[in-house]
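Spelled out, the chains give:
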Amino acid sequence: MTSHSAFERILEPSGRADPYPLFAELRKTPVARQEDGTYVVSTYREIVELLHDPRVSSDRRNRLSTDEAPDMTPSFIGLDPPEHDRLRRLAMRHFGPPHSPGMVDGLRPACLHLTTELIDGIAGKRQADLVDEVAYPLPVAMICRLLGVPEEDEPQFHAWADQIIETLGPGEEDRAERERERQAVGLKLEGYLAGLAEDRRRQPGEDMLSGFMTYRGPEGGMTPQEVVSTAVLLLIAGHETTINLIANGMLTLLRHPDQLERLRAESGLIVPAVEELLRYEPPVQLVSSRVALDDISIAGTTIPAGSPIVLALAAGSRDPAHVPDPDRFDPCRARNEHLGFGGGVHYCFGAPLARIEAQIVLAELVRRLRGPRLVADPPPYRPSPVLRGPRHLLIEYDGVDPA
Amino acid sequence: MKVVVDLTRCQGYGQCAFLAPDVFTMKEEALQYDLDPGDEQREHVLRAAAACPVQAIHLDWTATRHLVEQRMAAPRMTDGRIVIVGASLAGARAAGVLRRDGFAGSLTVIGDEPDEPYDRPPLSKQVLTGQVPPDHTRLPRLREVEAEWLWGTPATALDVAGKQVRLADGREIGFDRVLLATGTRARPWPNEAEAALEGVHTLRTVADAARLRQALAARPRRVLILGAGFTGSEIASACRELDLPVTVVERGSAPLVSALGGVIGDVAAQLHREHGVDLRCDTTVTALEGDGDGRLRGARLSDGSTVEADVAVVALGSIRNVEWLHDSGLAAGVWGVACDAGCRAVDTNGLVTDDIFVAGDIARFPHPLYQYQFMTLEHWGNAVAQAEIAAHNMVSDQAHRWPHLSVPVFWSSQFGVNIKSVGVPTFADEIVITQGSTAERRFVAVYGYQGRVTAAVAFDQGLWLEFYQGLIERAAPFPPEFRHVDRREPARPVPARVPERLVATAEATVVVTGHDPAERRASLLHTPHS
Ligand SMILES: Cc1cc2nc3c(=O)[nH]c(=O)nc-3n(C[C@H](O)[C@H](O)[C@H](O)COP(=O)(O)OP(=O)(O)OC[C@H]3O[C@@H](n4cnc5c(N)ncnc54)[C@H](O)[C@@H]3O)c2cc1C
Ligand code: SF4
């Protein structure tokens, strides 16, 4: 395959290990038209502008070319206001402020407990895969627990989610086929969740799924279909991204042993460090599902109505016009305004949970692992250019300190 | 520890409320918080501040963006004597910026209030409901500003030629440059005897807020609020949150009319009534009545009716603290202190001074986006932005000065709704609802003046305002005609019903004397406030 644009090279698997030079090239044209008519936006200011531009839709049904297979029932991530706002509010009721403000903060002890168990699990060894043994099981367990998915179903769940993630991504040639695959897996997941939701309606518990099924307010509640699509969204978005945040995070720290030492010495530093990781190696690199509802003039280019828009969040967070010395990993960076969780009405729903999980697990790994080092650098990556992260992260270490 | 959120930047992402739920609380988009949380909250607050996507939470650093610092390689005045009069939001912010920018000379900040600067917006909100104690509203010391802080010492005169500020205690403080930031005070009830009745309040200072809080906590039978501007509406909202019966009397046709026009005013009126406020529009209070013991008993209204209330809050706007400048030769009057877009004060003749600067609620400045009309804005965001520009200009030479061109941003929270505006909503002839629905109380309304966009107001939709700010800055055509999300009502502009722009010449203020250019002079005539 011959490569033309920087963007196409970013999509290719060979671009996965280090896309940042390509992102730098991409930024030279802040709004770059691709051959297929997609507009890729890569500079901080322009990305933020489009994230707040009501002429940009997140609803794929607004695309001009609809050669794609019809989507699953869109979850709120694929909807525009007012439907988006209503569903997101209904979901938020059971997750955060204003109605459940202390909920996520209250998960800290449980998260620490799980983390301790997982790290204890690699204590007897000298080598471990941090993805399979820590970064994956933690967020999956957390999100399943929150939603009310029984523990024994978690592995099935992970398989489905993985399959769906790997079909995401803009512009590939085998797009239609991937879409079909995605749909097939999606249907299985939906079927499973529909059953679970029905159980919860009959016998509600404390979990979010029960809340979704039973809450009725002045605005009504969620339909069973909406419950399922919201749950699918939270499960997929809520675990794959966090796995990558943790894995990218450990990878970055292991590549910066001096910083790792600093974090070990100053435990409070983990908070800004996680923000810096979200900027420096974000789990969500691209937002690829936007479409222009009208002609949009930006940075000297007009994006015609109907055009797909890709927002290169990872490029924006390293835009030198926005951040001084952007390619330096600086865990103490002050006033870190990054695009790690996007922005605008679609700002990552699960961000607070991801932050807590990453802060706890990274702090514990840093504190407890003695002499950790990478076995393979770069590690093998997952195929998706959208949700980018290592498939495995093999490390060696001299031992594990007690919790 | 001290916390302040720049609510002009806050977009209601709620990350802070997730991560530090005991410090930050949200109702939909309306954020409230404790400015002085206990030490046990420290870790939570640090987590919240780090997580804020727009970095709106300030703990100990000034707000100006870091790139600005980098761009400021220009030559600057680093020594000499700078005096700031008015030790509140604008004054303290300017002091912090001066030090940050490398001013190493002598810095004196003069304030007539007894204590450190505090934040006023919470006074009419979480302080009244008891969510935050009055003494928890101190502003963070923006990087421990090294200055001589003179508390409790009113300035009484400014000697422009002699470059001195005179204090009430007789001292004189010399300066090379001075910043005037004395803000405004609450307009009292005009009848002094009635105003003195026990139970009659105004709200401007932390002491006022503490008194009013106490009065509300004593559960009066009914609270009467005079005026349904932002302050009056917020107080009414706090009362309803406390489940106190409240009557609001407003001269205009609806609440907020003078700031946002009649269309949005009608929405605000519904908001009041839905929350159980007894709202009387097109009505004024004609007299406050006491019982035999000098306690408020009730009020008589212009429609002949009476209201029984044991607490009344006079929320009829403000008076600018300019009396001390009357003999200074500056263009200072009821409208404020006139200055140019670089915050330099204008003298009586309309000449720009070079070492006297103005910022905050007292500044009356021309805004190029609004036909260079002089305006005063009683907004938190304006005080901060203007203080930063003024401080920068105070230590820069002519070639490196910046204009204060920020588009005004204002917020209020009442009845659980976050109201936010960009631009100048009164600078309008038409209005159109572009996004959302007024019936649901979540919408964006866009204001236009003679075919261009001049302002936008959002109810619980603050995230979008950046986009509309762009339209204002580009003088985009009104009504906006493009396809966008959440369009629900037809894009039909209606008259905005904004009040006639008040002409600030209610009193004959200037006389011009002399004939040839060398002797022609203007002078101000001050009449006492009515
Ligand atoms: C109750 C309340 C709620 C508010 N809510 C909001 C809101 O939600 N959103 C918003 O955008 N804005 C709000 N504001 C407005 C905002 O607080 C003001 O715009 C801001 O405080 C202006 O700052 P300033 O420094 O210019 O003036 P001020 O804060 O008024 O400070 C001036 C200081 O100078 C002192 N002073 C006066 N005369 C002298 C003298 N002769 N010598 C020495 N010192 C003197 C005063 O005592 C005062 O301390 C609110 C204001 C109040 C009162
Ligand atoms: S924008 Fe920042 S301050 Fe505002 S609610 Fe979100 S996290 Fe809190």
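Positions within a chain are numbered from 1, following the residues in the order the chain's sequence is written. To read the labels, note that chains go from A and ligands from 1, taken in the order they are written. Local features in this predicted model are restricted to residues of pLDDT 70 or higher, and side-chain atom pairs are both shown and tallied only at a pLDDT of 80 or more, whereas totals for entire chains, interfaces and linings draw on every residue. The side-chain values count all of the structure's non-hydrogen atoms but skip hydrogen atoms and water molecules.

### A closer look at the overall build of chain B
Turning to step 1, where the next piece is worked out: The secondary structure content of chain B amounts to eleven helices and 35 strands.
Turning to step 2, where the next piece is worked out: Only the C-alpha atoms count toward the radius of gyration. The rule for a globule is 2.2 Å times the residue count to the power 0.38. Relative to the globule expectation of 24 Å for 530 residues, the C-alpha radius of gyration of chain B, 23 Å, shows essentially globular dimensions.
Turning to step 3, where the next piece is worked out: With the principal axes as the frame, chain B shows a C-alpha extent of 60 × 60 × 55 Å.
Turning to step 4, where the next piece is worked out: For each residue, the accessible area found with a 1.4 Å probe, counting protein chains only, is set against the maximum for its type, and the residue is called buried under 20%, exposed over 50%, and partly exposed in between. Taken over 530 residues, chain B has a buried fraction of 61%.
Turning to step 5, where the next piece is worked out: Accessibility throughout is a Shrake-Rupley quantity obtained with a 1.4 Å probe, and a residue counts as covered only by protein chains that appear here. When the accessible area of chain B is evaluated, it comes to approximately 20,600 Å², of which 50% is carbon and sulfur surface.
Turning to step 6, where the next piece is worked out: Working convention for charge: Lys and Arg count positive, Asp and Glu count negative, and His plus the chain ends are omitted. Positions of charges follow a simple convention, taking NZ of Lys, CZ of Arg, CG of Asp or CD of Glu. Between the mean site of the 53 positive side-chain charges and the mean site of the 67 negative ones, chain B shows a separation of 3 Å. Runs of H or I in DSSP of at least four residues are treated as helices and runs of E of at least two as strands, each being numbered from the N terminus.

### Here's the deal with the packing of helix α13 (residues 270–280) of chain A against helix α15 (residues 351–368) of chain A
All names here are of chain A.
Turning to step 1, where the next piece is worked out: Taken N-terminus to C-terminus, the directions of α13 and α15 make an angle of 115 degrees; their axes are 10 Å apart at the nearest point. With respect to their mutual orientation, α13 and α15 come out roughly perpendicular. Note that α13 runs across α15; the crossing there is right-handed. When α13 is examined against α15, the residues Ile270, Val271, Val274, Glu275 and Leu277 are found in contact with a partner set consisting of Arg355, Ala358, Gln359, Leu362 and Ala363. Axes here refer to lines fitted to C-alpha atoms; in helices the fit is confined to the stretch in contact. Angles between the N-to-C directions go from 0 to 180 degrees. Angle categories: roughly parallel below 35 degrees, roughly antiparallel above 145, roughly perpendicular from 65 to 115, and oblique for all the rest. By definition, turning the near helix anticlockwise from the far helix through less than a right angle yields a left-handed crossing, and turning it clockwise yields a right-handed one. Any two residues having at least one pair of non-hydrogen atoms within 4.5 Å are treated as being in contact.

### Side note on the site of ligand 1
Residues and elements named next belong to chain B.
Turning to step 1, where the next piece is worked out: Put simply, a residue is near a molecule or strand once any heavy atom of it comes within 4 Å of that molecule or strand. As a matter of local geometry, ligand 1 sits amid 31 residues, with Asp112, Glu113, Arg120, Lys125 and Asp361 nearest to it.
Turning to step 2, where the next piece is worked out: Between ligand 1 and the protein, one listed contact pairs an oxygen atom with a side-chain N or O atom of Asp112 at 2.5 Å.
Turning to step 3, where the next piece is worked out: The contact in question runs from an oxygen atom of ligand 1 to an N or O atom on the side chain of Arg120, over 2.7 Å.
Turning to step 4, where the next piece is worked out: Those elements that provide at least two residues to the shell around ligand 1 are α4 (89–100), α10 (380–394) and β28 (409–414).
Turning to step 5, where the next piece is worked out: Across the shell around ligand 1, the residue classes break down as 13 nonpolar, ten polar and eight charged. Here a polar contact means two N or O atoms within 3.5 Å. Within protein one must be a hydrogen donor candidate and the other an acceptor candidate, and residues neighboring in sequence count only if both atoms are side-chain atoms. Note on residue classes: Ala, Val, Leu, Ile, Met, Phe, Trp, Tyr, Cys and Pro are nonpolar, Asp, Glu, Lys and Arg are charged, and everything else, Gly too, is polar.

### So, the sheet that holds strand β33 (residues 494–495) of chain B
Turning to step 1, where the next piece is worked out: Think of it this way: DSSP has to see at least two bridges between two strands before they count as a pair. Reading across the sheet, the six strands line up as β28-β29-β32-β31-β30-β33 (chain B) and stay open at both edges, with antiparallel pairing between neighbours. With partners counted over all chains shown, the strands left at the sheet margins are β28 and β33 of chain B, one partner each.

### Topic: the site of ligand 2
Turning to step 1, where the next piece is worked out: Every one of the 13 residues lining ligand 2 counts as a neighbour, but Cys10(B), Tyr13(B), Gly14(B), Cys16(B) and Cys52(B) are closest to it.
Turning to step 2, where the next piece is worked out: Taken together, the residues of the shell around ligand 2 sort by class into nine nonpolar, four polar and no charged.

### A short note on the interface of chain B and chain A
Turning to step 1, where the next piece is worked out: Opposite the 43 residues of chain B that make contact, chain A presents 43 residues.
Turning to step 2, where the next piece is worked out: When two parts are put together, the accessible area they lose, computed with a 1.4 Å probe and summed over both, is reported as buried area. Between chain B and chain A, roughly 3,800 Å² of surface is buried when both sides are summed, and carbon and sulfur atoms account for 59% of that area.
Turning to step 3, where the next piece is worked out: When a carboxyl oxygen of Asp or Glu lies within 4 Å of a side-chain nitrogen of Lys or Arg, that pair is called a salt bridge. Inspection of the region where chain B meets chain A yields one salt bridge.
Turning to step 4, where the next piece is worked out: With a closest N to O distance of 3.2 Å, Arg9(B) and Glu337(A) form a salt bridge.
Turning to step 5, where the next piece is worked out: Linking chain B with chain A are ten residue pairs in polar contact (both at pLDDT 80 or more).

### Observations concerning the nonpolar core
Turning to step 1, where the next piece is worked out: Residues enter a nonpolar core if they are buried and are Ala, Val, Leu, Ile, Met, Phe, Trp, Tyr or Cys, with the set joined through side-chain atoms within 4.5 Å. Grouped together as the largest cluster of nonpolar side chains are 240 residues, with contacts concentrated most on Leu147(A), Leu193(A), Phe24(B), Ile57(B), Leu158(B), Val165(B) and Leu180(B).
Turning to step 2, where the next piece is worked out: No other element matches the 16 residues that helix α11 (residues 224–255) of chain A contributes to this core.
Turning to step 3, where the next piece is worked out: Each residue touching Leu158(B), except ones within four places of it in the same chain, is listed here: Gln164(B), Val165(B), Phe175(B), Val178(B), Leu180(B), Trp324(B), Leu325(B), Ser328(B), Leu330(B) and Ile356(B).
Turning to step 4, where the next piece is worked out: If you look at the next biggest cluster of nonpolar residues, it comprises 52 residues, including Leu128(B), Ala268(B), Val277(B) and Ala445(B).

### Quick word on the packing of aromatic side chains
The description of two aromatic rings rests on the distance between their centres and on the angle between their planes.
Turning to step 1, where the next piece is worked out: Think of it this way: a Phe, Tyr or Trp ring, Trp meaning its six-membered ring, pairs with another when their centres are within 6.5 Å, and the plane angle makes it stacked under 30 degrees, edge-to-face over 60, tilted otherwise. Tallied over the entire structure, the rule returns 19 aromatic pairs over all chains.
Turning to step 2, where the next piece is worked out: When the centroid spacing of 5.8 Å and the interplanar angle of 50 degrees are considered together, the rings of Tyr20(A) and Phe23(A) count as tilted. Of this pair, Tyr20(A) and Phe23(A) both sit in helix α2 (residues 20–27), three residues apart, roughly one helical turn.
Turning to step 3, where the next piece is worked out: A relative accessible area of 8% means that Tyr20(A) is categorised as buried.
Turning to step 4, where the next piece is worked out: On the basis of relative accessible area, Phe23(A) is assigned to the buried category, the value being 1%.
Turning to step 5, where the next piece is worked out: With a centroid separation of 5.2 Å and an interplanar angle of 20 degrees, the aromatic rings of Trp149(B) and Trp151(B) are classed as stacked.
Turning to step 6, where the next piece is worked out: Trp151(B) sits in the partly exposed class, given a relative accessible area of 26%.
Turning to step 7, where the next piece is worked out: Put simply, the rings of Phe76(A), Phe95(A), Phe349(A) and Phe18(B) pair up and form one aromatic cluster.
Turning to step 8, where the next piece is worked out: Think of it as a cone above the ring: NZ of Lys or CZ of Arg counts as a charge over the ring if it is within 6 Å of the ring centre and within 35 degrees of the ring normal. Lying over the aromatic face of Tyr20(A), Arg318(A) brings its terminal NZ or CZ to 3.5 Å of the ring centre.
Turning to step 9, where the next piece is worked out: Positioned above the aromatic ring of Tyr280(A) is the side chain of Arg318(A), whose terminal nitrogen or guanidinium carbon lies 4.0 Å from the ring centre.

### Comments concerning the pairing of strand β6 (residues 106–110) of chain B
Residue and element names in this part refer to chain B.
Turning to step 1, where the next piece is worked out: Of all five residues in β6, four are buried; the element is thus mostly enclosed.
Turning to step 2, where the next piece is worked out: Relative to β6, strand β5 (residues 81–85) runs parallel, the two sharing five bridges. Across the sheet, Ile84 pairs through a bridge with Val109, a residue of β6.
Turning to step 3, where the next piece is worked out: As paired elements, β6 and strand β7 (residues 148–150) share three bridges and run parallel to each other. Considered in β7, the bridge of Ile110 is made with Leu150.

### Observations regarding the UniProt feature "domain: Reductase C-terminal" (unreviewed entry) in chain B
Turning to step 1, where the next piece is worked out: UniProt positions are given in the numbering used here, feature names are shortened, and annotations may be inferred rather than shown by experiment. UniProt records the feature "domain: Reductase C-terminal" (unreviewed entry) for residues 410–481 of chain B in the present numbering.
Turning to step 2, where the next piece is worked out: In residues 410–481 of chain B, the share of helix is 12% and the share of strand is 50%. The end C-alpha atoms are 25 Å apart.

### Details of the environment of Glu240(A)
Residue and element names in this part refer to chain A.
Turning to step 1, where the next piece is worked out: As for its placement among the helices and strands, Glu240 is situated in helix α11.
Turning to step 2, where the next piece is worked out: In sequence terms Glu240 and Val140 are 100 residues apart; their C-alpha atoms lie 8.3 Å from each other.
Turning to step 3, where the next piece is worked out: In contact with Glu240, not counting residues within four places along its chain, are Asp162, Ile165, Arg382 and Leu387.

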